Amino acid sequence: MDIIVSRNGTGKIGNFIFKCCLGIRGVTDDKSEGDLKTPRGTFPLRYIMYRKDRIKKLKTNLSSYSIKKNHVCCDNSNSINYNKIYKKKETDETESLWRKDSLYDVIIVVGYNDQPVQKSKGSAIFIHLTTKKYTPTKGCIALNLNDMKKLLSYNPKNIKII
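Remember, predicted model here, so these are calculated numbers, not experimental data.

Visitor: Explain the environment of Pro39 to me, and be specific about the residues and the numbers.
Guide: Position of Pro39 relative to the elements: it lies in strand 5 (residues 38–39). Taking the C-alpha atoms as reference, Pro39 lies 8.5 Å from Ile125; in sequence the two are 86 residues apart. Residues contacting Pro39, with those up to four places away along its chain left out, are Val27, Thr28, Lys31, Tyr112, Ile125, Gly139 and Ile161.

Visitor: Residue-level account of helix 1 (residues 145–153), with values.
Guide: The complete set of buried residues in helix 1 reads Asp147, Met148, Leu151 and Leu152. Projected onto a plane normal to the axis of helix 1, the buried residues spread over an arc of 135° and lie on a single side. Backbone nitrogen of Asn146 and a side-chain oxygen of the N-cap are separated by 3.1 Å at the start of helix 1; the cap is Asn144. Looking one or two residues past helix 1, Asn155 carries a phi angle of roughly 55°, positive in sign.

Visitor: Which residues make up the packing of aromatic side chains, and what values do they have?
Guide: Counted according to the given criterion, the structure contains 5 aromatic pairs. Between Tyr104 and Phe126, the aromatic rings sit 5.5 Å apart at their centres with planes inclined by 90°, giving edge-to-face as the arrangement. Placement of the pair is Tyr104 in the loop between strand 10 (94–96) and strand 11 (106–110) and Phe126 in strand 12 (residues 126–129), with a sequence separation of 22 residues. The class for Tyr104 is buried, based on a relative accessible area of 4%. Members of the aromatic cluster, each reached through a chain of ring pairs, are Phe16, Phe18 and Tyr154. Lying across the ring of Trp98, Arg51 places its NZ or CZ 3.4 Å from the centre.

What counts and what doesn't
Residues numbered from 1 in each chain as written. Predicted model: local features only at pLDDT ≥ 70, side-chain atom pairs only at ≥ 80, totals over all residues. Heavy atoms only, no water. Helix = DSSP H or I, 4+ residues; strand = E, 2+ residues; numbered from the N terminus. Contact = heavy atoms within 4.5 Å. Buried < 20%, exposed > 50% of the residue type's maximum accessible area, 1.4 Å probe, protein only. Arc of directions from axis to C-beta. Polar contact = N/O pair within 3.5 Å; in protein donor to acceptor, adjacent residues only side chain to side chain. Phe/Tyr/Trp six-rings, centres within 6.5 Å; stacked < 30°, edge-to-face > 60°. Lys NZ or Arg CZ within 6 Å of the ring centre and 35° of its normal.

Here it is in C-alpha cells:
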C-alpha cells in the first residue's frame, strides 16, 4: 500500500487521512541540495530508524534500527558518503540523526536519490515527526507521532508526493 501526499499538506493511506507538512518552498520536480523543497514523485520506503530511549519498537513490516548518538546523514554533495546514513567521523559535513528535539525520534528513510546517488540532487529525505505547529520542513515530510504510528500499521511500501 502506498502513502499519497499532496502539496496542500494532506496525506492518505488506505482510508486513513492525516495532516502533514512539506518543504518550506513547496514541492518540486527538480530537487537540488539545500533548496528547501520536497521532491515530487513516487519513492520506495527503505527502513525506519527510531530513538529507542524515547520510542518503543514500532509495529511495522519495514526493517527498523535504533538511532545511535553518532548516526548521521551526509549532506555534503562532494563527499563519497553523500546521502548515506552512517556513524559519524569528525571531519564530515553531516546532519545528526540524534537530536535534542523530537523531530527524528522516528524517521522513515525515503528511497530518494539513493540508487544511484546523484551529486547535489538532494539528501536526507525522510518522513519524520513534526512540531506542534506543523512547521514546514527543509524538504522532508513530517507528521505527528500518533499519525506516524497509525500510518506504519498499514505497512506502506512507497510514498507518492503529488
